[in-house]
Amino acid sequence: MNETPHIVVAALYHFARFERFAELQAPLTQICEANGIVGTLLLASEGINGTIAGTREGIDSILSYIRSQPEFAELEHKESFADKLPFYRLKVRLKKEIVAMGVPETDPTKIVGTYVEPEDWNDLIDDPDTVVIDTRNDYEIKVGTFKNAINPETDAFREFPDWVKRNENLLKGKKIAMFCTGGIRCEKSTAYVKSLGYDDVFHLKGGILKYLENVPQEESTWDGECFVFDERVAVKHGLELGDHKLCRACRHPLSPEDLRSDKFIAGISCHNCYDQYTDEDRQRFAERQKQSELAAKRGKRHIGDDTVKKLRASKKQDNA
């Protein structure tokens, strides 16, 4: 009989007017460290966003502390579980935006789309008058998406406003239904689209994660797995661990089929990045992979060198 995974993974965000955000960085860091919490939390004048992991007691303590701040008393979060910590370290960072879209005047606390419960989502997107848009980035969408959803083919969320402006003919006169991993990108995207004058704008409450948790697989219109921004890589229905792995060179998610490619070399390359790196890069990646394997034999984790950290940062992944 399998034991229940003991690591709690909490995804959270809340938009609020929060001008004192810098003051929370130090105490929030301290209480996370005291409770053995890892992951990332972003603080900005527009609110808080992040995904953290730890023991049941540790996560409960952090959530209680965050909700003790008047601005975040109504904070909601989503939980999943893991057999081991899905993050290497803790980061509590100050940002201009908790999800970067690059349109500062967009304010989800003032205007936002209509929330649709996961149980009602299928009816909305099955309506022929509904345009369904996946607001995530292209590499995420390749792992999985809703059937018949439009892929804007963006590399970063900052490209989404331009896509909307270029596709006015597609959206005009339609119901517009948008979704993302946990809900935060849709808070901003629906706020932005409504600010342009569109009326019938909807988004999936709780995002894909809540849909996969609440909607039975036999009733689901989801196809594939859902990419997540941690070492689990992807989850599937019931938020069970998916089958995708991560290329340690370019950080792209890889399907079981991708892993069989001749261009996949563990820790060094995959079909996405095989031709992008120099021999010197590959030597660094190979050394990192060697150290990672040695650390695993000792029962420890190898965090990685600066090259991999820079590559990870260059992806400009939105935490959502």
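Residues numbered from 1 in each chain as written. Predicted model: local features only at pLDDT ≥ 70, side-chain atom pairs only at ≥ 80, totals over all residues. Heavy atoms only, no water.

J.: Would you explain the pattern of salt bridges in this entry?
T.: Close approach of charged atoms lets side chains of opposite charge pair. Applying the stated criterion across every chain yields a total of 19 salt bridges. Note that K205 and E117 form a salt bridge whose closest N and O atoms lie 3.6 Å from each other. Remark: E117 occurs in the loop between strand 6 (114-116) and helix 3 (118-126) and K205 occurs in the loop between strand 10 (201-204) and helix 8 (207-214); sequence separation between them is 88 residues. A residue is classified by how much of its surface remains accessible, and K205, at 30% relative accessible area, is partly exposed. A residue is classified by how much of its surface remains accessible, and E117, at 36% relative accessible area, is partly exposed. A salt bridge links E280 to R284; its shortest N-O distance comes to 3.3 Å. Here R284 and E280 lie together in helix 10 (residues 279-297), a separation of four residues that amounts to about one turn. Owing to a relative accessible area of 52%, E280 belongs among the exposed residues under this scheme. Given the relative accessible area of 28%, R284 is considered partly exposed. It is possible to trace a salt-bridge network through shared partners that takes in E46, E97, R158 and K188. (Salt bridge = Lys/Arg side-chain N within 4 Å of Asp/Glu carboxyl O. Helix = DSSP H or I, 4+ residues; strand = E, 2+ residues; numbered from the N terminus. Buried < 20%, exposed > 50% of the residue type's maximum accessible area, 1.4 Å probe, protein only.)

J.: Explain the sheet that holds strand 7 (residues 130-134) here, please?
T.: The strands making up a sheet associate through hydrogen bonds between their backbones, and the pairing can be parallel or antiparallel. In spatial order, the strands read 6-10-9-7; together these four strands make up an open sheet with parallel pairing. The sheet terminates laterally at strand 6 and strand 7, the two strands that pair on one side only. The sheet shows a mean angle of 30° between the axes of neighbouring strands, direction not considered. Across three bridges, the pairing between strand 6 and strand 10 is parallel. Paired with Y115 across the bridge in strand 10 is H203. Along the sheet face, helix 3 touches strand 6, strand 7, strand 9 (175-179) and strand 10 and points at about 135° away from the line of strand 9. (Pairing = 2+ DSSP bridges. Axes fitted to C-alpha atoms, helices over the stretch in contact; angles between N-to-C directions. Contact = heavy atoms within 4.5 Å.)

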